[in-house]
Number of protein chains: 2
Amino acid sequence: MSDSDPSLSKASALAPWRSPLARALHRNRSQPHSRYFQLATITPAGRPANRTVVFRGWLADTNTLTLIADHRSAKVADIAAHPWAAACWYFTSTREQFRLAGPIQLVHTADRDAALTLARQNSWEALSDKARQQFYWPHPAQPRSADTAFDPRAIDETPPDDFCLVLLAPHQVDHLELRGDPQNRTLYSHHADAIWDVNAVNP
Amino acid sequence: MSDSDPSLSKASALAPWRSPLARALHRNRSQPHSRYFQLATITPAGRPANRTVVFRGWLADTNTLTLIADHRSAKVADIAAHPWAAACWYFTSTREQFRLAGPIQLVHTADRDAALTLARQNSWEALSDKARQQFYWPHPAQPRSADTAFDPRAIDETPPDDFCLVLLAPHQVDHLELRGDPQNRTLYSHHADAIWDVNAVNP
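Residues numbered from 1 in each chain as written. Chains lettered and ligands numbered in written order. Predicted model: local features only at pLDDT ≥ 70, side-chain atom pairs only at ≥ 80, totals over all residues. Heavy atoms only, no water.

Attention shifts here to the overall build of chain A. Scanning chain A from N- to C-terminus turns up four helices and nine strands. Counting from the amino terminus, helix and strand elements in chain A follow one another as α-β-β-β-α-β-β-α-α-β-β-β-β. In terms of C-alpha radius of gyration, chain A reaches 18 Å, essentially the compact-globule figure of 17 Å for 203 residues. Projected onto its principal axes, the C-alpha positions of chain A cover 55 × 35 × 35 Å. Of the contacts made within chain A by residues no fewer than 6 positions apart, 64% connect residues no fewer than 24 positions apart. A total accessible area of about 9,100 Å² is found for chain A, and carbon and sulfur atoms account for 50% of it. Of the side-chain charges in chain A, 21 are positive and 21 negative, and the distance between the mean point of each set is 6 Å. (Helix = DSSP H or I, 4+ residues; strand = E, 2+ residues; numbered from the N terminus. Rg over C-alpha atoms; globule rule 2.2 N^0.38 Å. Contact = heavy atoms within 4.5 Å. Areas by Shrake-Rupley, 256 points an atom, 1.4 Å probe, with all protein chains shown as cover. Lys, Arg positive; Asp, Glu negative; His and termini not counted. Charge placed at Lys NZ, Arg CZ, Asp CG, Glu CD.)

Let's shift gears to the environment of alanine 69 of chain B. All names here are of chain B. Tracing the backbone shows alanine 69 in strand E3 (residues 65-70). Each C-alpha atom of the pair alanine 69 and cysteine 164 lies 5.1 Å from the other, and the pair is 95 residues apart in sequence. Apart from the residues within four sequence positions on either side, alanine 69 is in contact with Lys75, Val76, Phe135, Asp162, Phe163, Cys164 and Val166.

Here we come to helix H3 (residues 114-126) of chain B. Since there are 3.6 residues in each turn of an α-helix, residues three or four apart along the chain are aligned in direction. Residue and element names in this part refer to chain B. Here H3 contains 13 residues, and its C-alpha end-to-end distance of 18 Å stays within 8% of the 18 Å for a straight helix at 1.5 Å per residue. Residues of H3 that are buried include every one of Leu116, Ala119, Arg120, Ser123 and Trp124, and no others. For H3, the buried positions fall inside an angular range of 140 degrees around the axis, keeping them on one side. In H3, the exposed residues that point more than 90 degrees away from the buried face are Ala114 and Ala126. N-capping of H3 is provided by aspartate 113, with a side-chain oxygen placed 3.0 Å from the backbone N of alanine 115. (Expected span 1.5 Å × (residues − 1). Buried < 20%, exposed > 50% of the residue type's maximum accessible area, 1.4 Å probe, protein only. Arc of directions from axis to C-beta. Polar contact = N/O pair within 3.5 Å; in protein donor to acceptor, adjacent residues only side chain to side chain.)

Contact residues are listed per partner, giving 45 residues for chain B and 45 residues for chain A. In this assembly, chain B and chain A are joined by 23 residue pairs in polar contact (both at pLDDT 80 or more). Put simply, the parts of the chain that give the side of chain B that touches chain A at least two residues each are strand E1 (36-42), strand E2 (48-54), strand E4 (84-91), strand E5 (96-107), strand E8 (184-191) and strand E9 (195-201) of chain B. Among the residues forming the side of chain B that touches chain A, the class breakdown is 23 nonpolar, 15 polar and seven charged. (Nonpolar A, V, L, I, M, F, W, Y, C, P; charged D, E, K, R; others polar.)

As a further point, take the UniProt feature "domain: Pyridoxamine 5'-phosphate oxidase Alr4036 family FMN-binding" (unreviewed entry) in chain A. The sites that carry the UniProt feature "domain: Pyridoxamine 5'-phosphate oxidase Alr4036 family FMN-binding" (unreviewed entry) are, in the present numbering, residues 15-107 of chain A. In the segment residues 15-107 of chain A, helix accounts for 19% and strand for 43%; the C-alpha atoms at its two ends are 23 Å apart. (UniProt positions renumbered as here; feature names shortened; annotations may be inferred.)

Our next topic: the relation of the copies chain B and chain A. Mapping chain B onto chain A calls for a screw motion: a turn of 180 degrees about the axis and a shift of 0.0 Å along it, with 0.0 Å RMSD after fitting. The superposition of one copy onto the other is thereby described by a two-fold rotation axis. Distance from the rotation axis, computed per C-alpha, reaches its smallest value in chain B at alanine 40 of chain B: 2.9 Å. An overlap of 100% is found between the interface residues of chain B and their copies at the interface of chain A, pointing to a shared contact surface. (Least-squares fit on C-alpha atoms with pLDDT ≥ 70 in both.)

Our next topic: the pairing of strand E3 (residues 65-70) of chain A. Residues and elements named next belong to chain A. Taken across its six residues, E3 has six buried, putting it largely inside the fold. Here E3 shows a buried face lined by Leu65, Leu67 and Ala69 and a second buried face lined by Thr66, Ile68 and Asp70. Relative to strand E6 (residues 163-168), E3 runs antiparallel, the two sharing six bridges. Looking at E6, one finds that leucine 67 is bridged to valine 166. (Pairing = 2+ DSSP bridges.)

With that settled, the discussion passes to the packing of aromatic side chains. With the rule as written, the count across this model stands at 26 aromatic pairs over all chains. Judged by centre distance (5.5 Å) and plane angle (75 degrees), the rings of tyrosine 36 of chain A and tyrosine 90 of chain B are edge-to-face. Here the residue tyrosine 36 of chain A occupies a position in strand E1 (residues 36-42), and tyrosine 90 of chain B occupies one in strand E4, the pair thus bridging two chains. Centre to centre, the rings of phenylalanine 91 of chain B and phenylalanine 98 of chain B are 6.0 Å apart; their planes meet at 90 degrees, and the pair counts as edge-to-face. Side by side, phenylalanine 91 of chain B and phenylalanine 98 of chain B carry an identical accessibility label, which is buried. Among the aromatic side chains, those forming a connected cluster through ring pairs are Trp17, Phe37, Phe55, Trp58, Trp89, Phe91, Phe98 and Trp196 of chain A. (Phe/Tyr/Trp six-rings, centres within 6.5 Å; stacked < 30°, edge-to-face > 60°.)

Right under this line is the structure:
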C-alpha cells in the first residue's frame, strides 16, 4: 500500500482493529450520532482543522472508511494540500475512542478508476434525498443566500460534479476503553502487505 | 491579544459566540459527554492528530477554554511544536457543532506567571481523585505496565510536574445548527481588542 493511494488497500485482509470497531458500532447502534466522527486535516496555510463527518461505510473489500464531501468545502482543499487525516471517533454509550490516522484521498467526477467511479456512484445512490439536496445548495461558507436558494430541486441520478467520495485508509489506530480500571488502550500500526503490529500500552 | 499568548485575552469582553455555546452546554447538560470535544493539533512531524478531551471550564474573566494534559502525552509535544489547535464540539441532543480554532498554550510547573500558576493549582484541586490518579500512572503509550503500577496512591495537594493546564483562545468560531431547514451557520472571526466579526453564512 502506498501512502498516497488508499484505494490500493483493496483485497487486504480484515485489519485487526475492525473487530473492536464493529463491536462498538453495534453496541452504540441505537444512537444516530454513533456514526459521526471528527476528522482533522491540515489547511493549505498549515493549520489544523476539525469537523464532524458521517461514516458512510467501508470501501468494498478494504479497511478503508468512506465519507462524502462537497468539492466547494474547505475540507476538500485541505485534503488536496495535505492528503493525510486523523479521525477521532468517540462512542458515548460504551465510552470508548478510536483514533484512526492515515492517507486520505478524494474521488471526484474526473476520477478515471472504474472501481472508484462505481463506488462514488453507489455512495450517491445510497444517500437520502435530504442529504443529496445539499450538493445543490449555494456555495458553503459564503454569505447567507436567500431561503429560496435552498428550495428542493429535482435530484439527478448522476452525482453532481461537486459530489466527492472521500477515502480514509488508517495506518495507525489507537483504541482506548475508558471503562477499564485501569483503562485499556491498544495501538495498531500498519506495515506493508496488510501486516499490523498490535500492542497493549498504558492509557 | 497576540497569537502566541492566549492568556492575554484576559479582561476582554464576553465574545459573541459565548452565549450560543453556553446555551448548548445548558441544553445538553444531562449527558456527561456534552463536556467532551475533539482537539486537533499538528504533530512535530507535521501530521494532524485528533483526540477527545474534557472541557475544564473558562480561564477566569476570559474567553479562553481550559483543559488538562499530561506532560508525557503526545498532545503536549504537538502543542509545543505547533501552538495552534482546532476544537470540534458536537452536541448530540441539540444537533449543533462548534468549531473553535486559535492559539493554544501550556501552563506547566515551570510557568512563572502568577495568575496562570494559580489557575493551574485551582484546576488540580477541582479534579476528581480518579482523574488525579492518572498523573501518577506509568508513562502513557509505553508498553502496558503490570496492573499494580496503577494502584491508587496518596495524592499531593501540589500538582505533580507532569500536570499541565492547557489554554485554547479561539480566534475563529464556526457554529452549525443542523436542525434548521436549511441549516443555520454562523462564523465568528476575532480581530484585535476583543472585536469580532459575526456573519451568517451558507451551511
